[in-house]
Amino acid sequence: MAVLEELIKSVELWLKLVKKQQPLINPNLDPVLLVPGIAGSILNAVDENGNEERVWVRILGADHEFRSKMWSRFDPSTGKTVSLDEKTKIIVPEDRYGLYAIDVLDPDMIVGCDNVCYYHDMIEEMIKWGYQEGKTLFGFGYDFRQSNRLQETLDKFSEKLESIYTSSGEKKLNIITHSMGGLLVKCFMCLHSDIFEKYVNSWIAIAAPFQGAPGYITSSLLNGMSFVEGWEGNFFISKWSMQQLLIECPSIYELMACPDFSWDIVPLLQLWAEKQDGSGEFSTMLESYEPSEAIILMNKALSGNMVTYDGMQLSLSFNLEILKWANETRKILSNAKLPASVKFYNIYGINEATPHTVCYGSEEAPISDLEQLLSAQVKYICVNGDGTVPAESAKADGLDAVARVGVPADHRGIVCDRYVFRILQQWLKAGEPDPFYNPLNDYVILPTAFEIEQHREESMQVTSLKEEWEIISSANDGSHSKSADLPAMMGSLSVSCEGKEQPLEEAQATVVVHPQHEGRQQVEVRAVSVSTGA
């Protein structure tokens, strides 16, 4: 079987494949800090007696506890949103050096836990590369209701950076952010650039909505959002309850479409409106509003929005004070500069239909009153992206990036994508070195299947082997214009070995390279060896 093994190794070398290794703890790695996006941190409520319970995420009693503990009001004098329950304080658990709060968001959930896993897969993968919790791997959870420039959050982030830097023997950090976590870090970098430069070596932003997530956020403010899909959503927080929270969240307003950005495709709010002319005749027409104009409509649509809390009727309309605050945040983000000593990388999702323009009503059933938008079924006009953030927004970081890479993945799945892991491993210089990884072509090869059978009859041994790989490639602009330099083909190789003191062995392999499809290419190897005289 030695000849067969050599033959397969030759094929693997040709494909520039290095088998995955399992390194031990590597204390020489630079520390990594993981920062989640919106709704990506466990939040606990603490009452006046110090009793603590998880309110985000939970399944049992989720909606009731969410309304009573998480619903809040924005205070324009401080820029902070404060829980309606004045006796409740929202905190983020710090267990496992901050990783507990961003790992599995509902640790008690057994069925359907994929819906609440966040950084879990990435944490496990990085541990395989040699990272160790509390030594070289840390997490930063935060109250995602708050503004990305809230000083209280930024102070905690500064303390986290200093603590990691000190405990690691003054090694600079590598920060990995997902989604809105990228805006938080960018705000910090702009407002505290000296601290950022002192403690940070590199920043890798994944799926960051640098210019907003227009379609997703507009419909969330008007109709709510659901973080758990499928049947599990019946036990979770309702879209309506979530909507009432989001209306008072500065972070959400900071994710609205940036009106000053030069969009290739301008996001719109459209509605089929019923109009009456001077003669009393009614007609229907499609009206379109750009981001700054859409605010007027959203304000009118939410003007009568009311909730009942603790027996009182409260008005929760579109909050113009929060919008004013969010506009100031956007100015800060647009002025952010990357310190010369810090490397920046950007990974964004592509190939997913991503809401961009929202449309309400139809020609047959037009909108006659803007308040109908709150109960109307939204239709999306989509663009390329990760299903939540348009690629155009995610790429527009405004920074001097070392690399920008588009990955075929959805917004949540991108943080547990195998291709993303391979890219991170290279950029972080972690795990076993891969001398065949080509950062210019930016492609990787992953084993997907392996089968082997052996049969022995008298002095003859027959071994058959089947192995498959998947080559994943991506152009930096997300267009898949680059290939892994492997044309579709079918070929064969044969090797024989014969010596005076060793058995005759002969091996033959057939290699099939399938055409590339959406940046992926399948490679199959079928091999058989026959040895005699053993």
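Each value, and the rule that gives it
- Residues numbered from 1 in each chain as written.
- Predicted model: local features only at pLDDT ≥ 70, side-chain atom pairs only at ≥ 80, totals over all residues.
- Heavy atoms only, no water.
- Helix = DSSP H or I, 4+ residues; strand = E, 2+ residues; numbered from the N terminus.
- Buried < 20%, exposed > 50% of the residue type's maximum accessible area, 1.4 Å probe, protein only.
- Contact = heavy atoms within 4.5 Å.
- Areas by Shrake-Rupley, 256 points an atom, 1.4 Å probe, with all protein chains shown as cover.
- Expected span 1.5 Å × (residues − 1).
- Arc of directions from axis to C-beta.
- Pairing = 2+ DSSP bridges.
- Axes fitted to C-alpha atoms, helices over the stretch in contact; angles between N-to-C directions.
- Salt bridge = Lys/Arg side-chain N within 4 Å of Asp/Glu carboxyl O.
- Phe/Tyr/Trp six-rings, centres within 6.5 Å; stacked < 30°, edge-to-face > 60°.
- Core = buried A, V, L, I, M, F, W, Y, C linked by side-chain atoms within 4.5 Å.
- Parallel < 35°, antiparallel > 145°, perpendicular 65-115°, else oblique.
- Left-handed = near helix turned anticlockwise from the far one by under 90°.
- Patch = residues over 30% accessible without salt bridge, like charges linked within 9 Å, V, L, I, M, F, W, Y side chains within 5 Å.

Going by an unreviewed UniProt entry, the chain carries the name Lecithin-cholesterol acyltransferase-like 4 and comes from Phoenix dactylifera.

## A word on the overall build of the chain
On a plain count of helices and strands, the chain comes out with 13 helices and 22 strands. Expressed as a percentage of the 534 residues in the chain, the buried residues total 53%. Expressed as a percentage of contacts within the chain between residues at least 6 apart in sequence, the contacts between residues at least 24 apart total 73%. Only carbon and sulfur atoms are counted for the fraction: they give 50% of the accessible area of the chain, which is about 24,300 Å².

## What about helix α4 (residues 151-167)?
Spanning 17 residues, α4 covers 24 Å between terminal C-alpha atoms, matching the ideal 24 Å at 1.5 Å per step. Within α4 the residues assigned to the buried category are Thr153, Leu154, Phe157, Ser158, Lys160, Leu161, Ile164 and Tyr165. Projected down its long axis, α4 shows its buried positions confined to an angular sector of 160°, all on one face. Projecting away from the buried face of α4 at angles above 90 degrees are the exposed residues Glu159, Thr166 and Ser167. Considering only its buried residues, α4 is in contact with β1 (32-35), β7 (137-139), β8 (173-178), α5 (181-191), α6 (193-199) and β9 (200-206). Phi turns positive, to about 75°, at Gly169, one or two residues after α4.

## A short note on the sheet that holds β1
If you trace the six strands from one edge of the open sheet to the other, you get β7-β1-β8-β9-β14-β17, paired in parallel fashion. In this open sheet, the two edge strands, each paired with only one partner strand, are β7 and β17 (403-408). When strand polarity is set aside, the average angle formed by the axes of neighbouring strands in this sheet is 20°. In terms of strand pairing, β1 meets β7 through three bridges, oriented parallel. Note that in β7 the partner of Leu33 across the bridge is Phe138. Against the sheet, α5 contacts β1, β8 and β9, and its axis sits at roughly 135° relative to β8. Strands in contact with helix α13 (residues 418-428) are β1, β8, β9, β14 (343-350) and β17; relative to β17, the strand with the most contacts, it is inclined by about 160°.

## Regarding the pattern of salt bridges
It is possible for side chains of opposite charge to pair when their charged atoms get near one another. Here the structure, examined in full by the defined rule, presents 17 salt bridges. Several salt bridges share partner residues, and in doing so they unite Glu53, Arg58, Glu65 and Lys69 into one network.

## Focus on the pairing of strand β12 (residues 306-309)
In β12, alternate side chains face the same way, and those of Val307 and Tyr309 are buried while those of Met306 and Thr308 on the opposite face are not. Following β12, the chain reverses through two residues before pairing antiparallel with strand β13 (residues 312-315); Asp310 in that reversal takes a positive phi of roughly 55°.

## What about the environment of Phe196?
Among the structural elements, Phe196 can be located in helix α6. Here the alpha-carbon distance between Phe196 and Leu161, two residues 35 residues apart in the chain, equals 8.3 Å. Setting aside its immediate chain neighbours within four residues, Phe196 contacts Ile175, Val185, Phe188, Met189, Trp203, Pro339 and Val342.

## A look at the pairing of β13
Two strands pair when backbone bridges link them, and β12 and β13 are joined in this way by four bridges, in the antiparallel orientation. Bridge pairing in β13 places Met306 opposite Ser315.

## Examining the packing of aromatic side chains
As enumerated under the stated definition, the model contains 17 aromatic pairs in all. Ring plane angle 85° and centroid distance 6.3 Å describe the contact between Tyr97 and Phe138, whose orientation is recorded as edge-to-face. Residue Tyr97 is found in the loop between β6 (89-91) and α3 (120-128), and its partner Phe138 is found in strand β7; the two are separated by 41 residues along the sequence. The exposure class of Phe138 is buried, given its relative accessible area of 5%. Measuring from centroid to centroid gives 5.1 Å for Tyr118 and Tyr119, while their planes differ by 65°, and the two rings are edge-to-face. Across the pair, exposure class does not vary: Tyr118 and Tyr119 are buried alike. The structure contains a cluster of three or more aromatic residues connected by ring pairs, namely Phe140, Tyr142, Phe157, Phe188 and Phe196.

## A few points about the nonpolar core
If you look at the biggest cluster of nonpolar residues, it comprises 132 residues, and the most contacted ones within it are Leu34 and Trp56. Of the residues forming this core, the biggest block, seven residues, is contributed by α13. Not counting residues up to four positions away in its chain, the partners in contact with Leu34 are Leu99, Ile102, Tyr119, Met122, Ile123, Met126, Leu137, Phe138, Gly139, Phe140 and Ile176. Ranked by size, the runner-up nonpolar core spans six residues in total, among them Ala509, Val511, Val523 and Val525.

## Observations regarding the side chain of Gln211
Inspection of the secondary structure puts Gln211 in the loop between β9 and α7 (214-223). Gln211 has contacts with Met256, Ala257, Cys258, Phe261, Trp263, Ser393 and Ala396, leaving out every residue within four places of it along the chain.

## Observations concerning the packing of α3 against α13
Where α3 contacts α13, the two axes come as close as 11 Å, and the packing angle between them is 45°. If you check the angle between α3 and α13, you find them oblique. In terms of crossing hand, the pair formed by α3 and α13 is right-handed. Seen from α3, the contacting residues are Asp121, Met122, Glu125 and Met126; seen from α13, they are Phe421, Leu424 and Leu428.

## Re a nonpolar patch on the surface
Taken together, the side chains of Met460, Val528 and Val530 present a nonpolar region at the surface, about 210 Å² in accessible area. With respect to the helices and strands, the residue Val528 is situated in strand β22 (residues 520-532). Among the residues examined, Val528 registers a relative accessible area of 37% and is labelled partly exposed.

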